[in-house]
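Residue-level structure breakdown
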Amino acid sequence: MSASRERSGLGGMAAVAGAGLVMVVCCAGPLLVAGGALGAVGGALASPWLITVGAVVLLAGTGYALRCRARRRRGADAVRRSAPRPSYQQKFAWALEANPALLTGDGHRAPHRAILRLIDLLHEAGVAGIVRPSCPGCHRVVRIDKPLDGQRVCRTCIAHSRIEECSGCGARREPATRDGHGRPLCPNCLVNDPANLETCINCGRRKVVNTRTPDGPLCSSCPSLPTTRCSICGGEKPCGTSRTTGRPWCPDCQRRSAPCSVCGGVAAVVSGTLDQPFCAGCTAPEVWHTCPTCSDPDYPHPGQCARCLINRRLDELLGAPSDALHPGLEALRHNIVTTEHPITARRWLNKPSVSPVLSDLASGRPALTHEALDELPDSPPLAHLRQVLVGVGALPERDEYMVRLERFFTGLLASQEDPDQRKVLHRYTIWHLLRRLRQRNNGRPLTPQQFISARQRTHAAVAFLNWLVAHDLTLETCRQADLDRWLTDDLAAYRRTAGHFIRWARTNKLATVHVPAVRWNGPTQPLDDEHRWNVARRLLHDDTLKPEDRLAGLLLLLYAQGPSAIHRLTTEDVEVGAREVRLHLGNAPVQLPEPVAQLARAVAANRKGHATFGEPWRRLHGSSPAASPDGRSAPHS
């Protein structure tokens, strides 16, 4: 018994000594004192339970002290990372001492941007009590380091505060730059400005430069050019592939014009050699169009022409031609093999959203039906595949835009959590928009414009209802002052488009507010052929109209050039010769007949330097459409 008491006494003394040594850690002082006391009492009373409890409390206190020390180390590291200089750390201390709430949610009032960085680092380190601030403008917890009216806001709110009307397209956006007169230009107008476009050395189009090579610029659609022998000049140069012949040709030959050795006309060289050039009309397609195995001895790479590569790729996806292949897929195969642009077709076949679908259709899973394709993820290549299958007769025709619109309505209604809001949207989309479209079209398929308009109006209705919910309002309680506040809010989306939904709600006695409609005075349908020719005759012979307006209208009516394409034309796009005038509307220039050529000469003569043709046709609505002779905006072709 005495030996047991002696061992217990030694244990108690060891516990007291250990407690005294660990108590130097101030953060866990109370726990360590309590643990040491329990150990001492347990040793004096020879109680193993008290000794065990004392040991546990000592371990907990030690762990707490170590965690406090690690937390202080992380805090000091966060301060050093956010403000390396001691002088800046002192500014931190002054700012936090003056306003400690900066660390607990009021970080948007931080006088120094690095304080926000400190808050993020402390929050990532798991320091208790640190609250990341939200943007005072949009109330999102995102990065806020932009000063605005004495507060820190996010990049989106800064962009909204800088909104101006673009002098080029009229869109209300944050300017990307300003022109020579100090007028704002949006990013889209900056990128598409004719002065910023360059001719791609591969495809010959004037587009935005994506890659600059030692030989010239490349657009985003063209990869880097491989070095090979040009089929026209014979030089070893970086060459693209001709869309007409499928053979390599260098950028110099792509821009080369010469008298054709067959017809004698001066035109762009498409094939042949420098001694015997051929234009596009005189280029014989039999050399490669009817040669599936590249049997032409003059072809530099046997078995590697675009047609052979397409056939090889189709064999990988659909298998070799056989009677077991579905007739619709056989028709699709023939359509792809005989396409006019084999390089484009080959790129399309290699898309990850197309090749697996073709392989599955060839194997019979899934079946070749519209319903089976509807189950696949929607993508533009898949939509194009469906159109091609319909075109070759593999699938029956259907109103594709109507199906997409019904699918869109179904998904949008299913995503609404509020039953009252879902009920209102169901009435508006299904019983108004969809029913009205079916009655108006009377069996005819929807147009892309009708589909886009219905979808935009639905998005506008959802945006307006969400705004009402955010402001504790409903359609019934919304007053005209609330609606005016929403219409003048720059952060509100679809303000103009939502007027259709608001007028529908008022008609159905769901709301008392009102937004007046803006009547469209332009054409409501495409022009018929007779009216189109009448307008063209007037533009050709009416000298009372400005030459700029006459030329713009003729380019739209006769050459299907949209207003934006006309606006981007410059004096460099017009080649005025002694007997002919050619206009660059695409890869190859177009020879203009008289009297259109005379109008082009007059317009080009009135321009200086690199001036764009579209400057006189700017309108107040933001775009630059050419006006028709009756004063209405020109119809879209």
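All figures in this text were calculated on a predicted structure; none of them were measured in a lab.

1. Notes on the overall build of the protein
Counting secondary structure elements, the protein contains 24 helices and 21 strands. Relative to its 637 residues, the protein shows a buried fraction of 37%. At a minimum sequence separation of 6, the contacts of the protein that also span at least 24 residues come to 44%.

2. Notes on the packing of aromatic side chains
The description of an aromatic ring pair rests on the distance of the ring centres and on the angle between the ring planes. With the rule as written, the count across this model stands at 8 aromatic pairs. In textbook terms, an aromatic cluster arises when at least three aromatic residues are bridged by ring pairs, as seen for Tyr428, Phe464, Trp467, Trp486, Phe501 and Trp504.

3. Details of the confidence of the model for the protein
For the protein, per-residue confidence averages 76 on the pLDDT scale, and 78% of positions sit at 70 or higher. No element of the protein has a lower mean pLDDT than helix α9 (residues 286-289), at 41, and none a higher one than helix α17 (residues 419-441), at 91. Contacts from residues 286-293, a stretch scored under 50 in pLDDT, to residues over four places away or in other chains number 17 contacts. Across residues 296-303, where pLDDT falls below 50, the model places 15 contacts with residues more than four positions away in sequence or in other chains.

4. As for a negative patch on the surface
A cluster of acidic residues, Glu417, Asp418, Asp420 and Glu476, forms a negative patch at the surface. If you trace the backbone, Glu476 turns up in the loop between α18 (448-470) and α19 (480-487).

5. Some words on the nonpolar core
Note that soluble globular proteins tend to have their nonpolar side chains buried in a common cluster. In terms of nonpolar packing, the biggest core is built from 37 residues, with Leu405, Phe464, Leu468, Leu475, Trp486, Phe501 and Ile502 touching the most fellow members. At the level of secondary structure, the elements contributing two or more residues to this core comprise α16 (400-414), α17, α18, α19 and α20 (499-507). In terms of residues, this core owes the most to one element, α18, which gives 9 residues. Not counting chain neighbours up to four residues away, the residues in contact with Ile502 comprise Phe464, Leu483, Trp486, Val513 and Val515.

6. A short note on the sheet that holds strand β21 (residues 589-592)
Strand order in the open sheet made by the 3 strands is β19-β20-β21, with antiparallel pairing throughout. Of all the strands in the sheet, just β19 (574-576) and β21 have a single pairing partner and so form its edges. Recorded for the sheet is a direction-independent mean angle of 25° between the axes of neighbouring strands. Where strand β20 (residues 581-584) meets β21, 4 bridges bridge the pair, whose relative direction is antiparallel. What sits directly across from Val581, in β21, is Leu592.

7. Brief notes about unusual backbone geometry
Among all residues except glycine, the phi angle is most often negative; among peptide bonds, the trans geometry is most common. The omega angle of the peptide bond from Glu594 to Pro595 is 0°, so this bond is cis rather than trans. Along the chain, Pro595 falls in the loop between β21 and α24 (596-605). For Asp149, which is not glycine, the phi torsion reads 55° and is therefore positive. For Asp149, the position within the fold is in the loop between β1 (146-148) and β2 (151-153).

8. Some remarks on the pattern of salt bridges
Under the defined criterion, the tally for this structure stands at 22 salt bridges. Salt bridges sharing partners connect three or more residues here, namely Asp374, Arg386, Arg398, Glu400 and Arg407.

9. Some words on the packing of α17 against α18
Here α17 crosses α18 at 160°, and the two axes come no closer than 11 Å. Judged by the angle between their axes, α17 and α18 are roughly antiparallel. Here α17 runs over α18; the crossing is right-handed. For the pair α17 and α18, contact is made by Gln421, Leu425, Tyr428, Thr429, Leu433, Arg436, Leu437, Arg440 and Asn441 and by Gln450, Ala454, Arg457, Thr458, Ala461, Val462, Leu465, Asn466 and Val469, respectively. Looking at the contact of α17 with α18, its residues break down into 9 nonpolar, 6 polar and 3 charged.

10. Considerations on the packing of α16 against α18
Relative orientation of the contacting elements α16 and α18 amounts to 10°, with a least axis distance of 10 Å. Considering their axes alone, α16 and α18 lie roughly parallel with respect to each other. Of α18, the residues touching α16 (which contributes Tyr401, Arg404, Leu405, Phe408, Phe409 and Leu412) are Pro448, Phe451, Ala454, Arg455, Thr458, His459 and Val462. In terms of residue class, the contact of α16 with α18 is built from 9 nonpolar, 2 polar and 2 charged.

11. Observations concerning helix α4 (residues 86-98)
In an α-helix, one full turn covers 3.6 residues, which means residues spaced three or four apart are oriented alike. Taking 1.5 Å per residue, 13 residues should reach 18 Å; α4 reaches 18 Å between its end C-alpha atoms and fits that length. Residues of α4 that are buried include every one of Phe92, Ala95 and Leu96, and no others. Around the axis of α4, the buried residues are gathered within 95° of arc, so they sit on the same side. Opposite its buried face, α4 presents the exposed residues Pro86, Trp94, Glu97 and Ala98, each directed more than 90 degrees away.

12. Remarks on helix α21 (residues 529-541)
Between its first and last C-alpha, α21 extends 18 Å over 13 residues, near the 18 Å set by a 1.5 Å rise per residue. Among the residues of α21, those classed as buried are Val535, Ala536, Leu539 and Leu540. Here the buried residues of α21 occupy an arc of 135° about the axis, which is enough to place them on one side. Looking at α21, the residues exposed on the side facing more than 90 degrees away from the buried face are Glu530 and His541. The secondary structure elements touched by the buried residues of α21 are α22 (547-559) and α24.

13. Things to note about the side chain of Gln561
Relative to the elements of secondary structure, Gln561 occurs in the loop between α22 and α23 (563-567). Within the structure, Gln561 has its side chain in polar contact with the backbone oxygen of Tyr559 (distance 3.1 Å).

What counts, and where the lines are drawn
- Residues numbered from 1 in each chain as written.
- Predicted model: local features only at pLDDT ≥ 70, side-chain atom pairs only at ≥ 80, totals over all residues.
- Heavy atoms only, no water.
- Helix = DSSP H or I, 4+ residues; strand = E, 2+ residues; numbered from the N terminus.
- Buried < 20%, exposed > 50% of the residue type's maximum accessible area, 1.4 Å probe, protein only.
- Contact = heavy atoms within 4.5 Å.
- Phe/Tyr/Trp six-rings, centres within 6.5 Å; stacked < 30°, edge-to-face > 60°.
- pLDDT = per-residue confidence, 0-100.
- Patch = residues over 30% accessible without salt bridge, like charges linked within 9 Å, V, L, I, M, F, W, Y side chains within 5 Å.
- Areas by Shrake-Rupley, 256 points an atom, 1.4 Å probe, with all protein chains shown as cover.
- Salt bridge = Lys/Arg side-chain N within 4 Å of Asp/Glu carboxyl O.
- Lys, Arg positive; Asp, Glu negative; His and termini not counted.
- Charge placed at Lys NZ, Arg CZ, Asp CG, Glu CD.
- Core = buried A, V, L, I, M, F, W, Y, C linked by side-chain atoms within 4.5 Å.
- Pairing = 2+ DSSP bridges.
- Axes fitted to C-alpha atoms, helices over the stretch in contact; angles between N-to-C directions.
- Parallel < 35°, antiparallel > 145°, perpendicular 65-115°, else oblique.
- Left-handed = near helix turned anticlockwise from the far one by under 90°.
- Nonpolar A, V, L, I, M, F, W, Y, C, P; charged D, E, K, R; others polar.
- Expected span 1.5 Å × (residues − 1).
- Arc of directions from axis to C-beta.
- Polar contact = N/O pair within 3.5 Å; in protein donor to acceptor, adjacent residues only side chain to side chain.

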